[in-house]
Amino acid sequence: MNGVIDLIGNAGVLPVIALDSEEKAVPLAKALYSGGLPAIEVTLRTDCALNCIKRISEEYPETVVGAGTVLTVSQADEAVRAGAKFIVTPGFDETIARHCLDRGYLLMPGVSGVADVQKAYVMGFRTVKLFPCEPLGGLDYIKQVSGPFRGMRFVATGGITFDNVQSYLENGSVRAVGGSFIIPKKLLSEGRFSEISREVRASMAKILGFKLMHVGIHCENEQDAFRTAEWFSGLFGFCVADGQTVFSGTAVECMKAPYLGKKYHIGFRTVSAERAKFFFENMGIGTREYKYDGNGKMFSFYLDCVMKDFAVHVTYKPEEKS
Ligand code: 3PG
């Protein structure tokens, strides 16, 4: 496990940016960080890119800055000297890969085909940038390629948009998505950084797919839970479903015992519980009561705060396909 890769994975989105002004680098890094994105890939496509990396790494070390579009070994060296914490290449290049491995640079190599993935796998990489992802076949491509390469995870980049990002983040082989889509370009060109922060936070909340799932009532006992669920079902025609708790349709969950000292809870769904946890913790809101599935993947947690006698839990639920 690598801390930087984990951070990128938990954030879910790796902003990719070609900065045209050194002055914008630190304010942008700060705005993205407070919007919930602690890592950024600055591409070496502009003259000021190395200086941007240097300034972010020196003046705002909270952000993990990486260098993208690295095409030569000397660029990799220069980027690391400037303070890049990770290196990204657009395609797979064995010379650069070997160079980075030998020097202990963290590399996320680009791959665009099965032969690349195999080479990267053999060299020990377990997180690669799939680029350009959408033209290559997008999520279907990732699903196919993940079959033979167990444990390989992809940072899907190239053509990611607000319309397709959620389906990527629901897939277990996707470590994160990368892209320029997350950066509000007009606000950036006008230098309106506090608005960037607000917009990115709102975008991340949208990407995480928060939706109301149900209201929970913490009943005294099993009998009370049934009585309560049946009352709602009698009114609204919902089916009563018994399990660990008693549901009236999907709208009302009646717990069979008091819980967390609160009378009620509200359940929200998300497309990724682990990333939602990271999102709230980045806002300074603690989390608790984690639940994991059979594969050890977290699917539910409570916020460590209450509102008007309501506890709040956030639970993974796949996106409903219309
Ligand atoms: C990159 O270098 O990773 C891409 O230019 C990002 O692609 P996008 O602009 O389609 O997000």
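Residues numbered from 1 in each chain as written. Predicted model: local features only at pLDDT ≥ 70, side-chain atom pairs only at ≥ 80, totals over all residues. Heavy atoms only, no water.

**Here's the deal with the overall build of the protein chain**
Working step 1: If you tally the helices and strands in the protein chain, you get 13 helices and 17 strands.
Working step 2: When the backbone C-alpha atoms are referred to their principal axes, the protein chain occupies close to 70 × 45 × 35 Å.
Working step 3: For the protein chain, restricting intrachain contacts to residue pairs at least 6 apart in sequence, the fraction spanning at least 24 positions comes to 61%.
Working step 4: Across the protein chain, the 36 positively charged side chains and the 36 negatively charged ones have centroids separated by 0 Å. (Helix = DSSP H or I, 4+ residues; strand = E, 2+ residues; numbered from the N terminus. Contact = heavy atoms within 4.5 Å. Lys, Arg positive; Asp, Glu negative; His and termini not counted. Charge placed at Lys NZ, Arg CZ, Asp CG, Glu CD.)

**Focus on the environment of valine 271**
Working step 1: For valine 271, the location among the structural elements is in the loop between β14 (264-270) and α13 (273-282).
Working step 2: The class for valine 271 is buried, based on a relative accessible area of 2%.
Working step 3: For the pair formed by valine 271 and alanine 156, sequence separation is 115 residues and the distance between their alpha carbons is 17 Å. (Buried < 20%, exposed > 50% of the residue type's maximum accessible area, 1.4 Å probe, protein only.)

**What to know about unusual backbone geometry**
Working step 1: Of the consecutive residues phenylalanine 131 and proline 132, the connecting peptide bond is found in the cis state with omega at -10 degrees.
Working step 2: For proline 132, the location among the structural elements is in the loop between β7 (127-130) and α7 (133-136).
Working step 3: Positive phi values are uncommon outside glycine, yet threonine 69 reaches one of about 55 degrees.
Working step 4: In this fold, threonine 69 is placed in the loop between β3 (64-68) and α4 (73-82).
Working step 5: With a phi angle near 55 degrees, glutamate 289 is a residue other than glycine that sits in the positive phi range.
Working step 6: Structurally, glutamate 289 can be placed in strand β15 (residues 287-292).

**Here's the deal with the packing of aromatic side chains**
Working step 1: The full count for this structure, using the stated rule, is 11 aromatic pairs.
Working step 2: Between tyrosine 121 and phenylalanine 149 the ring centres are 5.8 Å apart and the planes differ by 50 degrees, which places this aromatic pair in the tilted class. Taken as a pair, tyrosine 121 in helix α6 (residues 114-122) and phenylalanine 149 in the loop between α8 (138-146) and β8 (153-157) lie far apart in primary sequence, 28 residues in all.
Working step 3: For phenylalanine 149, a relative accessible area of 7% corresponds to the buried category.
Working step 4: Taking the centre distance of 5.9 Å and the plane angle of 45 degrees together, the rings of phenylalanine 210 and phenylalanine 279 count as tilted. Residue phenylalanine 210 is found in the loop between α11 (193-207) and β10 (211-218), and its partner phenylalanine 279 is found in helix α13; the two are separated by 69 residues along the sequence.
Working step 5: Taking relative accessible area as the criterion, phenylalanine 210 reaches 24% and is therefore assigned partly exposed.
Working step 6: You can call phenylalanine 279 buried: its relative accessible area is 6%.
Working step 7: Connected via pairs of aromatic rings, a cluster forms that spans Phe210, Phe279, Phe280 and Phe301.
Working step 8: One Lys or Arg, arginine 126, reaches over the ring of tyrosine 121 and ends 3.6 Å from the middle of that ring.
Working step 9: Above the plane of the ring of phenylalanine 131 lies lysine 129, whose end atom (NZ or CZ) is 5.0 Å from the centre. (Phe/Tyr/Trp six-rings, centres within 6.5 Å; stacked < 30°, edge-to-face > 60°. Lys NZ or Arg CZ within 6 Å of the ring centre and 35° of its normal.)

**Concerning the packing of helix α2 (residues 25-34) against α11**
Geometry of a packed helix pair, given as the angle between the helix axes and the separation of the axes.
Working step 1: Running from amino to carboxyl end, α2 crosses α11 at an angle of 30 degrees, the nearest separation of the two axes being 7 Å. Classed by the angle they form, the pair α2 and α11 counts as roughly parallel. In this structure, α2 crosses over α11, and the sense of that crossing is right-handed. Where α2 abuts α11, its residues Pro27, Leu28, Ala31, Leu32 and Ser34 lie against Phe193, Ile196, Ser197, Val200 and Arg201.
Working step 2: A per-class count over the contact of α2 with α11 returns 7 nonpolar, 2 polar and 1 charged. (Axes fitted to C-alpha atoms, helices over the stretch in contact; angles between N-to-C directions. Parallel < 35°, antiparallel > 145°, perpendicular 65-115°, else oblique. Left-handed = near helix turned anticlockwise from the far one by under 90°. Nonpolar A, V, L, I, M, F, W, Y, C, P; charged D, E, K, R; others polar.)

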